Every structure is written in structure tokens, then in C-alpha cells.
Amino acid sequence: MNTLTKETKLTLLYIFIAYTFSVLMRMIWVYQFHGYAPFIYHGQFMINTNDGYYWAEGARDLLSGTHTNGLAENFYDKFHQFNDMSPVNSAASQLTALFAKILPFSFESVIFYMPVFLSSLVVVPIILIAKDLKNLNMGLIAALLASIAWSYYNRTMAGYYDTDMLNIVLPMFLLWSIIWAISTKKDIFLLIVALDILVYRWWYPQSYSLEFSFFGLILAYTLIFDRKNIYYYKLMAIMMFAMMNLSGFVRLPIVLAVFYAFKQEKLDKYIYYILGVAVIGFFVSGGFSPIWAKLQPYIFEGAVSVGKKGFKLHFFTVMQTVREAGHISFETFANRISGHVVTFVVSVVGYIYLVYKHKIMIFALPMVGLGFLASVGGLRFTIYAVPILAFGIAFLITEISSKMPTNKLKYLSLIMFTLAILYPNYKHIDGYKVPTVFNNDEVKVLDALKHKATREDYVISWWDYGYPIRYYADVKTLADGGKHSGSVNFPISFMLTHTQEEAAQMARLDVEYTEKTFKFEKEHKQEVEDKNLTIFSNIEQMTTDYGFKDTNDFLQTLKTDIKLPKKTRDIYFYLPFKMLNILPTINLFSNINLMNGAKSRNPFIFISRRFKDLGKVIQLGSNVSLNKQDMSVNIGKNRVRLRRFVRTRYDKQMKNIVNTQMIDFTAKLSLIYMSSYNTFLLVDEKTYNSMYIQLMVLENYDHNLFEKVITNPYAKVYKLKI
Ligand code: MN
């Protein structure tokens, strides 16, 4: 039996320490919310990222097994319903299903804790890279910092169940294998690099940009420093094979065969041919096309033509609601990468010094570059720079401490500096008390709905709630976190903000048109791909089908009884109370003239939660108050009469009691006091009559159009009767 060397033992010990630290820091949130019932469902915390419900839906479907679906085109299609958008093909769903199957924990526990245990693995490649540089202390310090640094923590904390949990771990393992390959020139690392690429690509299909950057650096390094060394050509060839745009099931045997060939020394003289085949294989398989597609808009700016057919409708887009999505301040940027501006600046200097001392660390540059893209591409990119800049400051700390005169001072300085860089990140974690996406009562409604609706039924709600609705109620939705373009949101916004009759007819139309379009796209797959066929938005198709040339004319007809498409399934509305807060935003998507893009006047919606009873008046906001005497409202300097005053409350049986007091038929605004919610609503007539206010706030529904199915104060579900 071979004994472990002292260095190996220390490596393992450091990995154990850093991993445990990373996990424990992620348990702070769990400790803080221990036993807090609104965040718990089925005896476990719920997740705190909306997108997580997408992967959870796929995993749920994989675990529930196949159902006879005669028309399934591939293996995975048998696990879910057509057009329900369940990601059964995704690595995140498949890995989750595997864990849930083999581990003795509930599904809820698996998805809640997966980010904790997977993201903490980032410490392993960090410490292994440091081992190659013969500086294990640097590895430990970098691992401690990187595993809990601000943005990495935010995107991998307990319950942040998303692909981020491995999105840094996997490229770090790839970087480790590249560094070890180049510094040891051992054959085995040829295989490990290739396998790392296969796994990374499986997990995150957009991984090609980092892989390609690593490849480019290796090519440059070879040409500049070591162009006679055959090992580099082998490395590049096997990377190209691993990066081809083919299924992983094809690339794996190819990679294994190539590795086997590389082990035969007599084949060495053919290396340039093998590399040539690899390059051709890469390009022919379309390996370069995603990169090309990304570059194209920059190279051929303005050359992209827009479809000339159709009405060219003007939709409001989600991007317009996200103000200055791209711009972040330097301080935010620095904090997110290193936890503190000082740490960040020193880290950058440290990384430059590290590259100067250890040239091999230049291979980490693509990750720093991607991280710095955050300043233009948005916050989520910062996590890529976290581990590399952690190396930077950790290296400086070990350099300074090595200059200390005594051993005692050396270790003392190591510990003090390390604690100093960790502290701001610990403070951030301690204060970062994010809530779960849904609360327990909201989920109860969806769980009850699951037992009423079938998997082919549609549940209509705003896109924010799409993934969780599909996960908990096992139904279909019109919109979700990945499907919320202006044309998708328009009909939903229209339903929520228009009268019950308009909403009901639009719901039936939009659902049937959505299914019809899916079917059409499938039947004409090739033409659509070749762009010989334009798929119009549902609203445009409806306008044409009903014989109009102007969508406004078509929308007017929804105020009357129109002939609706054949009903193929049931439709439900999910109306949570918290949607009230985003009602003004929701409104923007349909309060627009689609023909010319002109925005209509915003409807009046004023929500007050922090009101003060001052005796004669109730102060609703800084400029708004209610005069109790004559039930009028002061808005700024204007005093306006109320049309009606409505008071809602829940009785002991949780029945919604509504008292309406008519005041002035000529007035425009109504005041609604939702006493059980401590909320005042001041709304105009259009908003008052909107489907959302009538069904959610007042439960005043048209019995010919809707049926009340499930209600609690947090969320209400109605079924469409037409
Ligand atoms: Mn489904």
C-alpha cells in the first residue's frame, strides 16, 4: 500500500477545511429562518430563485416516469406533455432527478441544498491549481474567499437552485486540467481536459465561448513559446474533438478513441493530420457557428433585414421595464467580485503580479475577461472573475507573510489578512435575508389546483409566476421567465386590465391560438427554420382571421360576443394578491396602440400601505389624503369627489365581505379599503372594472364567464366557463 505524501495529505486537509467552511457559511440563512413557516412547504424550505422552478419542473417530470405518448419524437418527449416547455432534456433537471432518486432526501430538500453542496466544490480546483504552483497556503486562502465572495454567494446560496451552482465549478476544473496538462505534460490530462469540456458543455450549452477562449490561448502559447512540442498539438486536437457541435454521446467515444491513438507513440508522426481532421470536424459540425453568430451583429451591423410581411406591430418589451439593466457602479462591481473595493483593487494588482511570477496563470484570463464583461453585460457575469481575483489577493498575502522574520509572525499575518478579506463577505451573507419566491399559502392554492386541473390545461397569470405555477400545479402556462416577449405579454396584460368579458374572450382566444401555433410550427418545422415562413404573433393572427386590418378594430369587437375558437381544454386564472404591486407595470404592456406604438394615458392606480389616521383626514401618501367628512380625496392641490368607497374584509370563515357605498356617479375615482390587508387602493373606473380588481380584490365575478375555484387571502383561482 502506498502512503500519501505529506503534500497530498495537506492538500486533502485544505480541501476539507475550505469545503466545510463554504457549506457552513451557506447554512447561516438556514439558521436565520429556522422554523419560519411561510418559507416552508412539505417540511422543507422553498427555493428563492424563480428560474429554479424551471429545472425543478423538468426533474419532477423525469421522476414521474413516461406516459404513453405515441407521437413522441425522442426518448425524453415521453416524460412530459407536448408544448408544456418542461426542460426534461436539460442537464440541471437530469442531475436533480438522479440525486432525488439515489439520495434518501425529499425532492424539496434536494433542490434546496444542491447549490450548497455543488457550488462549494469550487474549492477543489482552486486548491489543486495552487498545488501546481507549489503554494498550498495561497490555495486555501483563495478557496475560502472565492467560495463565499459576494456575487458567488448570492448566486449559489441555499435555495438558489439554478445552473450557477456548477457554472464556475466546471470551468475552474477545466482551467485546472489545462494548467496541469501544460505543466506536467502527462498524457492522462489530455483525456481529463476533453472530459471536462464534455461535462461543462452538457451542463451549460453556452460554455463554448470560454472553451474557445482557452483554446485560443493555448494556441498562442504554443506558437510563441513551444512550437516544437507535440504535446500541445495533441492537447489542441483533443479539445477540438471535444468541442464539436455534436451530441455528447458521439463526442465521448471519439474523444476516447483519439486518446487511445495518442497513447500509441508510433502514431505521433501523424499528429498534424489528426489535428487537421479535428479542425475540419470542428468547423463542419458547426462548432464555430455559435461563436460566429455572436460576432455577426458586430461585423454586419445593420445588415439584418426585418420581415417585410405582416402589420409590424409595436409591442412593449420587458427590457423597457428594466431600467438601466446594463449600468452598474464601480463600487457594486468591486463588491460583487471581492466583497470590498480595497480587496478588489489589491486583487487585481495581485493577479498581475501572480501572472508575472507564474506565467501559467495567464490561462485564467478568459474568466477574468468574462467577469469584467459585467460592466456592460450585467451583474450576473461578475462571478466568473471571483476565483481568479481571489488567487490574486491570496498570492500577495502569502508573499508578504513569507517576508516575515519569524514563523510566528508569518502565520499570524496569514491569518489576520485572511480574516480581513473574509469579513466583508461574511457581513454581506449575514445581512442577505432574501425571501423564498412563494410563501406557503400561495403554494397551497397551486397544490389544490393541481388536483383539479389536468396537465393539458392552461393557467394564466403574469410571466413572473409562470415557472412556479407549472412546477406546483403541473399545468401549462402562456408565459414564464423565459417566454415573455412583448407579443406574449400583450394578451395577458390585456386580460388582467380589461373587463371580465374582454378578458374571458381573449383568454380562450390566446390559449387556443398558442396551441394552434405550436402545432403549425411543428408541421412546418423546415420552412420555419429556413425562414420561408413567418410565424405571426397570436394577436396579429387573430386580427387577420377575424377579417380586420387594424388590431384596434379587432380588440373593440371583444366588447361584444364574438364567435370563439373550439374549446380544447380548461383555462384557469391564478391571481395572487402580490400582483397588485406590479399592476402599473403589467398595464404598460397592453396600454399601447399596437399599430403605431403610441402609448395611451396611464390609468390611475395608487396603492397605500403606510397610511395614517389623523382624525379628520387619513393621510394615504405624501400628497394624497382622504377627507372623512365628505369622502373626498385631496391629490396634491386638487380636491376630488369619490365615485364610490368600498371596504373589504374577511370574516371568520375567510369569506370576502364587500361593502360598497356609492357617493357620486359623476366622479372618476374610487377608493377601496382592503382592511384585512391594511391597504388602500385609489383607482380610476377602468382599473376598478378590470378583471384583476373585480376577481381578486372584490370577488365580484360574472357567473356566466367564471367559476370561483380556490381562494385564500394570498391568491385566488378562477376557472373560465367559456
Ligand atoms: Mn407538463
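Quantities reported herein were computed from a predicted structural model and do not represent experimental measurements. (Residues numbered from 1 in each chain as written. Predicted model: local features only at pLDDT ≥ 70, side-chain atom pairs only at ≥ 80, totals over all residues. Heavy atoms only, no water.)

Is there a simple way to think about the side chain of Ser151 in this case?
Positionally, Ser151 belongs in helix 7 (residues 150–154). Apart from the residues within four sequence positions on either side, Ser151 is in contact with Arg336, Ile337, Thr382, Ile383 and Val386. (Helix = DSSP H or I, 4+ residues; strand = E, 2+ residues; numbered from the N terminus. Contact = heavy atoms within 4.5 Å.)

What is the right way to read the coordination of the manganese ion from this model?
For a metal bound by four donors in tetrahedral geometry, the ideal donor-metal-donor angle is 109.5 degrees, whereas six donors in octahedral geometry ideally sit at 90 or 180 degrees. Protein ligation of the manganese ion involves Gln81 (OE1) and Asp84 (OD), the donor distances falling in the range 2.1 Å. Comparing Gln81 with Asp84 shows no difference in burial state: the two are buried. (Donors = N, O, S within 2.8 Å, 3.2 Å for Na, K, Ca; no water. Buried < 20%, exposed > 50% of the residue type's maximum accessible area, 1.4 Å probe, protein only.)

Which parts of the structure should I look at to understand the packing of helix 18 (residues 341–357) against helix 21 (residues 386–402)?
Two packed helices can be described by the angle between their axes and the distance between those axes. The interhelical angle for the contact between helix 18 and helix 21, taken along N-to-C directions, is 80°, at an axis separation of 7 Å. Taken as axis vectors, helix 18 and helix 21 run roughly perpendicular relative to one another. Residue-level inspection shows Thr343, Phe344, Val346, Ser347, Val348, Gly350, Tyr351, Tyr353, Leu354 and Lys357 of helix 18 in contact with helix 21, the latter providing Ile388, Leu389, Phe391, Gly392, Ile393, Phe395, Leu396 and Glu399. The residue makeup of the contact of helix 18 with helix 21, split by class, is 12 nonpolar, 4 polar and 2 charged. (Axes fitted to C-alpha atoms, helices over the stretch in contact; angles between N-to-C directions. Parallel < 35°, antiparallel > 145°, perpendicular 65-115°, else oblique. Nonpolar A, V, L, I, M, F, W, Y, C, P; charged D, E, K, R; others polar.)

Help me understand the domain arrangement of the protein in this model?
As a measure of interface size, the accessible area lost when the parts come together is often cited. According to the domain assignment, the protein consists of domain 1 (6–32 + 105–430), domain 2 (440–570) and domain 3 (601–720). For domain 2 and domain 3, the distance between their C-alpha centroids amounts to 28 Å. Between domain 2 and domain 3, the contact holds 18 residues from the first and 20 residues from the second. Between domain 2 and domain 3, a total of about 1600 Å² is buried, with carbon and sulfur atoms accounting for 70% of that surface. When the area that domain 2 buries against domain 3 is broken down by residue, the three leading residues are Val445, Leu496 and Gln500, summing to 38%. The tally of links between domain 2 and domain 3 comes to 1 salt bridge. A salt bridge links Lys719 to Asp570; the nearest nitrogen and oxygen atoms lie 3.6 Å apart. At the level of elements, helix 23 (440–450), helix 25 (486–497) and helix 26 (500–523) are the ones that each hand at least two residues to the side of domain 2 that touches domain 3. Counting residues per element, the side of domain 2 that touches domain 3 draws most heavily on helix 26, which supplies 6 residues. Tallied by class, residues from the side of domain 2 that touches domain 3 come to 8 nonpolar, 4 polar and 6 charged. (Domains from an automatic or database assignment. Buried area = accessible area lost by both parts, 1.4 Å probe. Salt bridge = Lys/Arg side-chain N within 4 Å of Asp/Glu carboxyl O.)

How should the pairing of strand 14 (residues 679–683) be read in this particular structure?
In the case of a regular strand, side chains alternate between the two sheet surfaces. With 5 of 5 residues buried, strand 14 lies mostly within the body of the structure. A two-sided burial pattern is seen for strand 14, the buried positions comprising Thr679, Leu681 and Val683 on one face and Phe680 and Leu682 on the other. Here strand 6 (residues 605–608) runs beside strand 14; their pairing, made up of 4 bridges, is antiparallel. Paired with Ser608 across the bridge in strand 14 is Phe680. (Pairing = 2+ DSSP bridges.)

Can you help me understand the side chain of Ser493 in this one?
Tracing the chain through its elements places Ser493 in helix 25. A relative accessible area of 0% places Ser493 in the buried class. Other than its neighbours up to four places away in sequence, Ser493 contacts Trp462, Ile586, Asn587, Phe589 and Ser590.

I would appreciate a short explanation of the sheet that holds strand 3 (residues 458–460) in the present structure.
Spatially, 5 strands are ordered 4-3-5-16-15 in an open sheet, and the strand pairing comes out mixed. Every interior strand has two partners, whereas the edge strands, strand 4 (476–477) and strand 15 (706–712), have only one. Sheet topology places strand 3 next to strand 4; 2 bridges connect them, and they run parallel. Looking across to strand 4, one finds that Val459 is bridged to Thr477. Against the sheet, helix 23 makes contact with strand 3, strand 5 (571–576), strand 15 and strand 16 (715–720), and its axis sits at roughly 140° relative to strand 15, the strand it touches most.

Sorry if this is basic, but what is going on with helix 12 (residues 230–242) here?
Since the α-helix turns once every 3.6 residues, residues separated by three or four places project in the same direction. Look at helix 12: 19 Å from first C-alpha to last across 13 residues, which is about the 18 Å you get at 1.5 Å a residue. The buried count for helix 12 comes to 12 of 13 residues, which makes it a mostly enclosed element. When we look at burial in helix 12, the residues that qualify are Tyr231, Tyr232, Tyr233, Lys234, Leu235, Met236, Ala237, Ile238, Met239, Met240, Phe241 and Ala242. Check the buried side of helix 12 and you find it contacts helix 9 (169–184), helix 10 (188–203), helix 11 (208–225), helix 13 (248–263) and helix 14 (271–284). Among the residues of helix 12, the N-terminal cap falls to Asn229, whose side-chain oxygen and the backbone nitrogen of Tyr231 are separated by 2.9 Å. (Expected span 1.5 Å × (residues − 1). Polar contact = N/O pair within 3.5 Å; in protein donor to acceptor, adjacent residues only side chain to side chain.)

Sorry if this is basic, but what is going on with a nonpolar patch on the surface here?
On the surface, Leu409, Tyr411, Leu412, Ile415, Met416 and Leu419 cluster together into a nonpolar patch covering about 600 Å² of accessible area. Looking at the secondary structure, you find Leu412 in helix 22 (residues 407–431). Exposure remark for Leu412: the relative accessible area of 49% places this residue in the partly exposed category. (Patch = residues over 30% accessible without salt bridge, like charges linked within 9 Å, V, L, I, M, F, W, Y side chains within 5 Å. Areas by Shrake-Rupley, 256 points an atom, 1.4 Å probe, with all protein chains shown as cover.)

Looking at this structure, I do not really get the pairing of strand 9 (residues 624–627). What am I missing?
Across the two faces of strand 9 the burial is the same, with Val624 and Leu626 and Ser625 and Asn627 all buried. Where strand 8 (residues 617–619) meets strand 9, 3 bridges bridge the pair, whose relative direction is antiparallel. For Gln619, the partnering residue across the bridge sits in strand 9 and is Ser625. Between the end of strand 8 and the start of strand 9, which pair antiparallel, lie 4 residues.

So what exactly am I meant to see when it comes to the environment of Ser622 here?
When you line up the elements, Ser622 lands in the loop between strand 8 and strand 9. Taking the C-alpha atoms as reference, Ser622 lies 36 Å from Trp150; in sequence the two are 472 residues apart.

What's the story with the pattern of salt bridges in this structure? I'm lost.
Side-chain pairs of opposite charge can arise where the charged atoms are in close proximity. Taken as a whole, this structure holds 26 salt bridges when the rule is applied. Note that Asp630 and Arg639 form a salt bridge whose closest N and O atoms lie 3.4 Å from each other. The class for Asp630 is partly exposed, based on a relative accessible area of 28%. Look at Arg639 and you get exposed, because its relative accessible area is 52%. Linked through salt bridges whose partners overlap, the residues forming this network are Arg60, Asp61, Arg455 and Asp474.

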